[in-house]
Structure formats: C-alpha cells, structure tokens
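Below, each chain spelled out in residue letters.
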Number of protein chains: 2
Amino acid sequence: MTLDAVLTRIDDDLPLALDRLMTFLRIPSISTDPAYAAECARAADWLAEDLRGIGFDAAPRTTPGHPMVMGKGGESGPRLLFYGHYDVQPVDPLDLWDRDPFDPAIEDTPKGKVIRARGACDDKGQLMTFVEACRAWKAVHGTLPARITMFFEGEEESGSPSLVPFLQENRTELDADIALICDTGLFGEDRPAIVTMLRGLLGEEVTVTGPSKDLHSGMFGGPAMNPIRALARAIAALHDDSGQVTVPGFYDGVPELPEAVAQQWRDLGFDAGQFLGEVGLSTPAGEADRSPLEMIWSRPTCEVNGIVGGYTGAGFKTVLPSRASAKISFRLVGDQDPLAIRESFRAMVRGMMPPDCSVEFSDHGASRASQMSIDDPAFEKARLALSDEWPKQAAFVGCGGSIPVAGHFKEILGLESMLIGFGKDDDAIHSPNEKYDLDSFHRGIRSWARILAALAD
Amino acid sequence: MTLDAVLTRIDDDLPLALDRLMTFLRIPSISTDPAYAAECARAADWLAEDLRGIGFDAAPRTTPGHPMVMGKGGESGPRLLFYGHYDVQPVDPLDLWDRDPFDPAIEDTPKGKVIRARGACDDKGQLMTFVEACRAWKAVHGTLPARITMFFEGEEESGSPSLVPFLQENRTELDADIALICDTGLFGEDRPAIVTMLRGLLGEEVTVTGPSKDLHSGMFGGPAMNPIRALARAIAALHDDSGQVTVPGFYDGVPELPEAVAQQWRDLGFDAGQFLGEVGLSTPAGEADRSPLEMIWSRPTCEVNGIVGGYTGAGFKTVLPSRASAKISFRLVGDQDPLAIRESFRAMVRGMMPPDCSVEFSDHGASRASQMSIDDPAFEKARLALSDEWPKQAAFVGCGGSIPVAGHFKEILGLESMLIGFGKDDDAIHSPNEKYDLDSFHRGIRSWARILAALAD
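The rules behind these values
Residues numbered from 1 in each chain as written. Chains lettered and ligands numbered in written order. Predicted model: local features only at pLDDT ≥ 70, side-chain atom pairs only at ≥ 80, totals over all residues. Heavy atoms only, no water. Salt bridge = Lys/Arg side-chain N within 4 Å of Asp/Glu carboxyl O. Helix = DSSP H or I, 4+ residues; strand = E, 2+ residues; numbered from the N terminus. Buried < 20%, exposed > 50% of the residue type's maximum accessible area, 1.4 Å probe, protein only. Contact = heavy atoms within 4.5 Å. UniProt positions renumbered as here; feature names shortened; annotations may be inferred. Least-squares fit on C-alpha atoms with pLDDT ≥ 70 in both. Polar contact = N/O pair within 3.5 Å; in protein donor to acceptor, adjacent residues only side chain to side chain. Axes fitted to C-alpha atoms, helices over the stretch in contact; angles between N-to-C directions. Parallel < 35°, antiparallel > 145°, perpendicular 65-115°, else oblique. Left-handed = near helix turned anticlockwise from the far one by under 90°. Nonpolar A, V, L, I, M, F, W, Y, C, P; charged D, E, K, R; others polar. Pairing = 2+ DSSP bridges. Phe/Tyr/Trp six-rings, centres within 6.5 Å; stacked < 30°, edge-to-face > 60°. Lys NZ or Arg CZ within 6 Å of the ring centre and 35° of its normal. Buried area = accessible area lost by both parts, 1.4 Å probe.

J.: Sorry, what's going on with the pattern of salt bridges here?
T.: Tallied over the full model, the rule gives 76 salt bridges over all chains. R42(B) is paired through a salt bridge with E39(B); the nearest N and O atoms lie 2.9 Å apart. Of the two residues, R42(B) and E39(B) both sit in helix α2 (residues 37-53), 3 residues apart, roughly one turn of that helix. On the basis of relative accessibility, which here comes to 22%, the residue E39(B) falls in the partly exposed class. Between K424(B) and D437(B) there is a salt bridge, with the nearest N and O atoms lying 3.0 Å from each other. Within this pair, whereas K424(B) is found in the loop between β17 (417-420) and β18 (435-437), its partner D437(B) is found in strand β18, the two being separated by 13 residues in sequence. Judged by its relative accessible area of 13%, K424(B) falls in the buried class. Look at D437(B) and you get buried, because its relative accessible area is 7%. Taken together, the shared-partner salt bridges connect K111(A), E189(A), K424(A), D426(A), D427(A), K435(A) and D437(A) into one network.

See the structure below:
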C-alpha cells in the first residue's frame, strides 16, 4: 500500500523532522521589526535549501520587502499550490516567556509533549507538516503524488505588503487546481477542521496630536487639550452598551447565518464557558444577542490592539503629552467593504476631535472576508482523509482570524483554498510561551500524506 | 543709606558672583541618577564652604539620600528660613543641547545676556541670588540684617524622599518667623510675583486586567473583553462635555475666587491667546466657564500623563492584550482632600469595569494645595520691596505647578512661605538648553537685598 509505507516512514523519521523544525525555529524571523530583516532572509534561504534537499526546484524570490520562497516538484497528478509563512510575531513582553523564544525545546506537559518556541505553531511548525509529508512520500516512492508548488511568504505577520503584487506578477507560475493553506487549527482537541469562512481584516493606526510639544501638566493642565483624553473618548465611542460597533454603516453587508450552518455549528458542542475560562474570563463581551462561536466565526468586530501616549516608564512624570496613538483593527464578514468602513471610521474619529486636536491615520491593510465554494470534490476527499487520521470526524468550520491570502488566491489566481491546520486553542500564538503539540506536528504530517493520497486518487 | 551701599556692592561684585555661580553649575548634581551621587555630595560641600566664607555656621547634613545643607548666620532681626535646592534635572536628550550642559557660558541673545547651563535657573542660579544678597550685606555692614537659616535640599528633582523626615527631626533648628523660597518665576517678562496659591497633586496609576494572557484578536475578538476598551471608557468618563471633572465629590472644598483677587488677576493682562499659541493651541480646553489663568492657578484638573497597552511598536500586531494602564494626576486647590478624592476616583473606576475586567491602583503621591495667609505684613513689605526693583508692580499670583516644600513648611514647621523667584517662561527648565537671564540673576540679588532691608525694618 502506497500510503501505509509513507505513514510508517513519517513515524520513523519523526526525530529528524523535529531536528529540522528546531533549526528553523532558531531563526528569529520577526517580519514587522526592520532589525530582523537579515533573519527573515536567513529563514527564506534555509527553507529553499531544505526544499532542494527533497528535489524541489526551489529558491528565495526577491520582493521590495522580505523574500518569498517558491519551489516546484512532482511530474504528474493534480496541481497543488501549498502556502505557509516563515515569519513570526514579535516576542514582547519578553519577561513573560519561561524560556528564550528562539531557543526551542520539547517540553513535557500534563497534556503531553509540546514544542515550545515563537513560531512553533504559527506558522513554522504548521508549514513543516506539509514539507515533511512530501519528504516522506519522495523517500518511499522516489517521486511526489502531485505537481506541487510550494509558496512561502515572509510578511504574513506584518500585513503582507508584497503579496498581491507578487501574485499578480507570477500568475502563470502559481497556477494550480486548488490551494492548500496550513495556518489554522483543530476544532477543540481532536476534531480536524477545514475552514470555509474567513473574516477579513482592516487595520488602522490613529495618531492624535494636541499641543506642539510635551507640556508640564501643572503649567498647562486645564487650558491645554490632552490628546490622550481625545483618543480615549474616540475609542470609548466605538462600541455601544450592547457591544455593537457604532461606526456608521459598519453592519452593511453582514449576512445572517443560514440556519443549516447555524445548526451544524451548534452540533459541534462548542463550550463557550471553557473557551473563555482558559483565558481567565467568564462573560462574553461582544454583541449581547450572539453566541461566542457566532461572534468569532461570522460576526464583525472592532478591537484596540495597542495604545500609547505620554510617560509610560517607571514612576511618574507630570507631562501633558503632545501625541497619543492607537492601533485599531476590524474583523469583517460577508460583503462588508473594508474601504468604505475605513472612510466611515476615519470620518467618525475626525468628527469627535475637540478643537486643537488633529488626527492622522495610517493604513495597516484591508482585506475582505472569504467564503469557500465547497462544491469542489477535493473538499470532501480531504474531509474523509482527515477523518481517517484523527479520533473525530472532520468538520467544515468558520475562522475568527483573517487569512487574507485565501481571498487573494481567489481573486488573483481564481483558486479555492482548503485551509487545514493542526493548531490548538492553547497554543498561545502571538503570545508569550507559544507552543505546538508534538501530536499536532506528527499527526499533521500524517494528515497531509493522507490528503495527498486522496487528492491524487 | 544702608540699602544703597549694599545695592552698589552687588553691582560691583556681579562679575565675581557670576564666577561663583559658574563653578557651582559645573558640578553635575543630577539627583535622580545614582551615578551622580558623588557629584551631589560635591555640590553640597561647595555650598557649605561658600556659606562659611560669608560667616555662616554651615555644613552638609547626612540623610538616607543626598545631603541637606544647613547654615546659620546673623545675630538679630527677624528669623528667616531660606530654601533652595542644589540638585538638577537629568540632561537627556543630550543631542538637543547646543553645548555641554555642565560647561556653563554667558551667551548673547536677541533678548539679552543669558547664563546657559543645566540648573542655571532651576535652582542653582535662583538660590545664589539670596546667597549673594547676604554676601553683599555682610561685606558692607559686617553683619546680616536678620537671623537667617539657609536650608538647601539635594533631592527636589527626585521626589524629596528625605525631606519630611528631616524637617520632623530638625524642627527646632529650622524654627523661624517666615520661610522664603526661591524656585518660581516672574509674571511675564518684568513683573515680579509672590506666589500665594499652589495647587496640590494626587498621582494615581491604574492598571486594568482582562484576559489572563495576551490573546489573538481574531480568535478571541468579540467574546473576550479588551482591557484597553475598558480603560478608555473610564478615562473618557473622567470629564463631562463642559470640561468638568466627574469624579464624585471632586469639587468639594474648591473655593470660589474672591472677586478682589479675580480682579487683580484680570488686571495682569494675561494673554491666553499667546500662552496657548506658543504651544500650537488656540482654544482653551478646560472648564467652559473659566478663564485659562483661573484654570491654571485656582481650579482643580485631571490629566492623563501616560497610557500604554497592547502592541506599541512599529507595524501592526493583532493582539487583544491582557492589560492596559494609565498614569493619571489631579491638581488640587483650596481644601480638596487628596485622600477622599483618591477613594472616590478608585470607586468610580472600579464601578465602570465590565465583567471580567479587574483594576489595580498604585499610589504616586498625594499633597494638598497650599494657600498662604498674606495677612502677615511681611507679604506686603516684600511686595513693595520687589516693586522698587522692577519695571512693574509686584503681584500676588497663583501657581499651577506643585511645590510640596511649602506645604511641608506649613504642616511641620507651622511657617508661611513667601515664594519669590526670577525665572522666565522661556528658561527651559527640565528641558535642553536651560538658561537664566543675566538680568534675572542681577536684579534677583538686588531684590533679596531690598526684601531683607524691608523685613528687618
């Protein structure tokens, strides 16, 4: 049996696969911080070399930002475009990490062994599940079961500024029958999931300027407008008391969930109490009339991701600052138009500025929500293949996060994307002490081998 | 005439007085930075030695922090306690200075000669005006016109941790009829001022915690409460639309300004447009029914001095943070009770926290406002003496900043303080390129000679 030999090879090769992942994790490829540009290039080089070791024709490809990595392998079978990203999130606050984020280790935990490092799950560990499945297949059969284009990005955590131009310029080379994306999670502990709905993302940075320089709050407090106060008022006004976002027109294009989908989601037995309890919360904070799963998968939101102004060091300084700024993001669903919402948001904030405060905005990306067309039989084949590997049947689910690349693949390359990943809710991606379960890594590799076999069939 | 001879002596001695000040300014006595502890001790030694040279019985006095300097001189006349501080602010950002901050120089400017150095005004130049006045008096008359206790602190720029215990332990030695403090400014360019109202200061740090760790805003945005949102709502609620502070009971103990004082302030011809215009503002932002001068001198305020939460670096990070915090200060007037306001503020903020958000407070000081009792004839004597020296009549004024030593003198020693100084708005104290006008130094010395004569009369 072709598949069984590959699965055995995967099991036998796991220690070496882990060694390779550890090497990859040691590269601090933080894309958002220019100080780490050389490390991003090093991660791209490492990936390209690893792919060449499996026989791919692979190389880093220059962009105005961090490089892409492209690799071609396989002579026959379906044409698959596989996407992952080698860049990682920043690591601050560093003092909350129990170890150096870029000194990975296998740790024993009450729930099993985990790989601990920045990027262990998001997305180095995940993308390597697919690479390792290809390596095992090649080792057993001397060839691949499909014509595979590997496509790795290094700017996913910093707004992907080079992605759209790169896709447009390399349409032909990237052409395929379907795209595979490994950057999502299981549903719960052991149910594999294929994401068919993704929220869009609009990122905005707001900077409010009051006085032309920092002032002494004793000398000017009172008559001089404080930009922190103006910014706080604007932020406070973004939600009403029922948790709805107040930006005018924000809910235009937000669809109601079809009852069939709603029923399927109810059947998943999502435990909202446990979901919130694991992060120290107990009361759903969003729209009062929506369930938490609905909020995350199918409702739009507005969050403040960061705020800073004035003196923030130790002790106290009675400054009345010149400026204050906030990073604000919107998750979008259905047909919400990110550009229309950006304009409406900016107009609303401008309208709230008191005299003597000016506001500037900077753009941190705008992507629409994605809805996959699951009529393609590849979706059902993959669902069955995943169900063979895991304890529970695979499900079609939504996703609260935004994976804009799926929308770009659809719009620019005309491809549907299958989003399949093996992360868990407690992986702490984007947080201190990020981890990836060893079981996720191992079964993830096996899952891709099964999916390759099913798609090639 | 006893005074005329002293004034002549002051004029003749000015070059040597400047030499002494330059020597003093060359000592980098930055109190907040432990690396400069030996320099603070050196400044204290220099001062004590200089005082002994005028016949004072003077010595540095050890404290748990930087030394105090005490000196006693004069055999008869009123008992005066003179206060100044020999420590200075840090000098960063150093690259914004046009010269080494501790290599003082006399510079020609379009507005006249200035002494340029860290501490030139705050407070080495100011305190030396009094020392030089005593030196000239002693040189002319062989004795002093009053029984003078010199009292110099070396921790004023770093929170004065040793001051209250020192005052308590040395009550008898510090006993006097009135205190003189030289750490304030002229009103405008050429009107001398005696500060009779000082605002108090209450400092609070507020930390709001939502989830137990930083979350991914895509995975949790919606159901999970964002602490930045909770903090922004609390800050936005601290003022109403008319600019009044909304903390319950905040205005308890705030006196209305007596019409006579209000009229006197109106007569000062304060130019609010120019005051705000110099810092890029045009519209008074505080209580709608108060003039800017009234706001700064006699009305309480609430300002946010700093705020931070979530990701604040370059680029974007879709984090839903665990915590957000703000530093908030209140300037107090009249009989406002800082401790009652602290409790009311904390209760208000606690009451605004949504479910799943907790709030912690830390205390950054609480001092009441000071209101001098100007019934003591010394105030009117000093006002007339100052008016003789300067182009314009001296005024009794308020001060927006907080000078806690005046409150401590009142509470611990039972002394009223006369706050008289010769700084100007453009002296850049606490900033790069600090200066003190040569005219302020010269007329300041002459002013103190006149005041000594008037008080001894």
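J.: I would appreciate a short explanation of the environment of A326(A) in the present structure.
T.: Residues and elements named next belong to chain A. In this structure, A326 sits in strand β13 (residues 323-332). According to the relative accessible area criterion, A326 is buried, its value standing at 1%. Expressed as a C-alpha distance, the spacing of A326 and E205, which sit 121 residues apart in the sequence, is 5.8 Å. Leaving out residues up to four positions away in the same chain, A326 has contacts with E204, E205, V206, L231, I235, V304, G306 and I307.

J.: Help me understand the UniProt feature "domain: Peptidase M20 dimerisation" (unreviewed entry) in chain A in this model?
T.: The sites that UniProt annotates as "domain: Peptidase M20 dimerisation" (unreviewed entry) are residues 198-352 of chain A. Structurally, residues 198-352 of chain A is divided into 33% helix and 23% strand, and its ends, taken at the C-alpha atoms, are 32 Å apart.

J.: I keep staring at the side chain of S387(B) and nothing clicks. Help me out?
T.: Residue and element names in this part refer to chain B. Among the secondary structure elements, S387 is positioned in helix α12 (residues 377-389). The class for S387 is buried, based on a relative accessible area of 11%. Excluding its chain neighbours within four sequence positions, the residues that come into contact with S387 are K392, Q393 and A394.

J.: In this structure, what is going on with the relation of the copies chain A and chain B? I would like to understand it.
T.: Two chain copies, one operation linking them: a rotation about an axis together with a shift along it. Between the two copies, chain A and chain B, the superposition gives an RMSD of 2.3 Å; the rotation angle is 179° and the shift along the axis is 2.5 Å. Residue by residue, 88% of the interface of chain A is reproduced at the interface of chain B, so both copies engage with the same surface.

J.: What should I look at first to understand the side chain of Q336(B) in this one?
T.: All names here are of chain B. Within the element layout of this structure, Q336 appears in the loop between β13 (323-332) and α11 (338-352). In this structure the side chain of Q336 is engaged in a polar contact, spanning 2.6 Å, whose partner is the backbone oxygen of F250. Sequence-distant contacts of Q336, that is, excluding residues within four places in its chain, are made with F250, D252, G253, V254, P300, R331, I341 and R368.

J.: Before we go on, may I ask you to explain the packing of helix α1 (residues 2-25) of chain B against helix α14 (residues 438-456) of chain B in this structure?
T.: For any two helices packed against each other, the geometry comes down to the angle between their axes and how far apart the axes lie. All names here are of chain B. Contact geometry for α1 and α14: axes closest at 10 Å, N-to-C directions at 140°. By the angle between their directions, the pair α1 and α14 is classed as oblique. Seen from above, α1 lies across α14 with right-handed handedness. Where α1 abuts α14, its residues L3, V6, L7, I10, D11, L14, A17, L18 and L21 lie against L438, F441, H442, I445, R446, A449, R450 and A453. Partitioned by chemical class, the residues of the contact of α1 with α14 number 13 nonpolar, 1 polar and 3 charged.

J.: Would you take a moment to explain the packing of α1(B) against α2(B) for this structure?
T.: Residues and elements named next belong to chain B. Closest axis-to-axis distance for the α1/α2 pair is 10 Å, and the angle between their directions is 155°. Relative to α2, α1 is oriented roughly antiparallel. Touching R20, T23 and F24 of α1 are A43, W46, L47 and D50, all from α2. Within the contact of α1 with α2, the residues separate by chemical class into 4 nonpolar, 1 polar and 2 charged.

J.: In this structure, what is going on with the pairing of strand β11 (residues 301-310) of chain A? I would like to understand it.
T.: Consecutive side chains along a regular strand alternate between the two faces of the sheet. The element β11(A) is largely enclosed, with a buried count of 8 among its 10 residues. Relative to β13(A), β11(A) runs antiparallel, the two being bridged by 8 bridges. Bridge assignment links I307(A) to a residue of β13(A), and that residue is A326(A). As defined by bridge partners, β11(A) adjoins strand β11 (residues 301-310) of chain B across 5 bridges and the pair is classed as antiparallel. What sits directly across from G306(A), in β11(B), is G310(B).

J.: What's the story with the sheet that holds strand β14 (residues 358-367) of chain B in this structure? I'm lost.
T.: Within a sheet, each strand pairs with its neighbour through backbone hydrogen bonds, oriented either parallel or antiparallel. Sheet architecture is open: 8 strands sit in the order β14(A)-β9(A)-β13(A)-β11(A)-β11(B)-β13(B)-β9(B)-β14(B), paired in antiparallel fashion. Bordering the open sheet on either side are β14 (358-367) of chain A together with β14 of chain B, each of which pairs with just one other strand. Pairwise comparison of adjacent strand axes, ignoring direction, gives a mean angle of 20° for this sheet. Of the strands in this sheet, β11 of chain A together with β9 (200-209), β11 and β13 of chain B touch helix α7 (residues 227-236) of chain B, which is tilted by about 15° from β13(B).

J.: I would appreciate a short explanation of the packing of aromatic side chains in the present structure.
T.: In this description, a pair of aromatic rings is defined by centroid distance and the angle of the planes. This structure, assessed with the given rule, holds 42 aromatic pairs over all chains. Between the aromatic rings of Y83(A) and F409(A), the centroid separation amounts to 6.0 Å while the plane-to-plane angle is 85°, which identifies the pairing as edge-to-face. Note that Y83(A) is positioned in strand β3 (residues 79-85) and F409(A) in helix α13 (residues 404-413), a separation of 326 residues in sequence. Judged by relative accessible area, F409(A) falls into the buried class, the value being 0%. When the centroid spacing of 5.7 Å and the interplanar angle of 50° are considered together, the rings of F250(A) and F330(A) count as tilted. Placement of the pair is F250(A) in the loop between α7 (227-236) and α8 (259-267) and F330(A) in strand β13, with a sequence separation of 80 residues. As far as the burial class goes, F250(A) and F330(A) line up, both buried. One aromatic cluster in this structure is built from F82(A), F130(A), F152(A), W390(A), F422(A) and W448(A). Its guanidinium or amino end placed over the ring of W390(B), R443(B) lies 5.3 Å from that ring's centre, counting from NZ or CZ.

J.: Looking at this structure, I do not really get the interface of chain A and chain B. What am I missing?
T.: Much of the literature gives interface size as the accessible area that the parts lose upon coming together. Listed per partner, the contact involves 83 residues of chain A and 74 residues of chain B. For the pair chain A and chain B, the summed buried surface comes to about 6600 Å²; carbon and sulfur atoms form 59% of the total. It is P223(A), R229(A) and F316(A) that lose the most area in chain A upon contact with chain B, and together they represent 11% of the buried surface on that side. Put simply, chain A and chain B have 2 salt bridges between them.

J.: Quick question: what am I supposed to make of unusual backbone geometry here?
T.: Trans is the prevailing form of peptide bonds, just as negative phi is the prevailing case for residues other than glycine. Omega for the peptide link from D92(A) to P93(A) comes to 0°, which places this bond in the cis form. Mapped onto the fold, P93(A) is located in the loop between β3 and β4 (105-109). One non-glycine residue, A428(B), lies in the positive phi region at around 60°. Looking at where A428(B) falls in the secondary structure, it is placed in the loop between β17 and β18.

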